[in-house]
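Spelled out from the first residue to the last, the chains are:
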Amino acid sequence: MSGAQDVWINRGDAPSDSNVLVTLSSPAGEKTVLVTSNVIVESSAKLFVTTPPERVVTKIDIYHQKAKRIVTLIGYSFAML
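In this text the structure is predicted, and so the values were computed from the model without any measurement.

**Overview of the pattern of salt bridges**
Here is step 1 of the chain: Counted by the stated rule, this structure contains one salt bridge.
Here is step 2 of the chain: Between Glu42 and Lys31 there is a salt bridge, with the nearest N and O atoms lying 3.4 Å from each other. One end of the pair, Glu42, is in strand E3 (residues 40-43); the other, Lys31, is in strand E2 (residues 29-35), and eleven residues separate them in sequence.
Here is step 3 of the chain: By relative accessible area, which is 60% here, Glu42 ends up exposed.

**Examining the confidence of the model for the protein chain**
Here is step 1 of the chain: Predicted confidence across the protein chain gives a mean pLDDT of 84, with 95% of residues reaching 70 or more.
Here is step 2 of the chain: Between the elements of the protein chain, mean pLDDT differs from a low of 85, seen in strand E1 (residues 20-26), to a high of 92, seen in helix H1 (residues 59-80).

**Description of a nonpolar patch on the surface**
Here is step 1 of the chain: A surface patch of nonpolar side chains, amounting to about 290 Å² of accessible area, comprises Val7, Ile9, Val20 and Leu24.
Here is step 2 of the chain: Here Val20 lies in strand E1.

Thresholds applied
- Residues numbered from 1 in each chain as written.
- Predicted model: local features only at pLDDT ≥ 70, side-chain atom pairs only at ≥ 80, totals over all residues.
- Heavy atoms only, no water.
- Salt bridge = Lys/Arg side-chain N within 4 Å of Asp/Glu carboxyl O.
- Helix = DSSP H or I, 4+ residues; strand = E, 2+ residues; numbered from the N terminus.
- Buried < 20%, exposed > 50% of the residue type's maximum accessible area, 1.4 Å probe, protein only.
- pLDDT = per-residue confidence, 0-100.
- Patch = residues over 30% accessible without salt bridge, like charges linked within 9 Å, V, L, I, M, F, W, Y side chains within 5 Å.
- Areas by Shrake-Rupley, 256 points an atom, 1.4 Å probe, with all protein chains shown as cover.

Structural data, given as structure tokens:
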């Protein structure tokens, strides 16, 4: 991911068996790591959490959004005549 910054995690007084899942996302994509007491593993957030249905964007949703924009622009064009 371009423009990535360093992320520092302080375990503090956390129990030794606690883990941290860090996910950073942008329009360019997602980067997820699982931080345990002795290892950092690159992973995928979808292995640990479920995306709420209202946040899932499918290809057909993208198609509908583009089609709606085109129809709206055509409508405004006709209204301006």
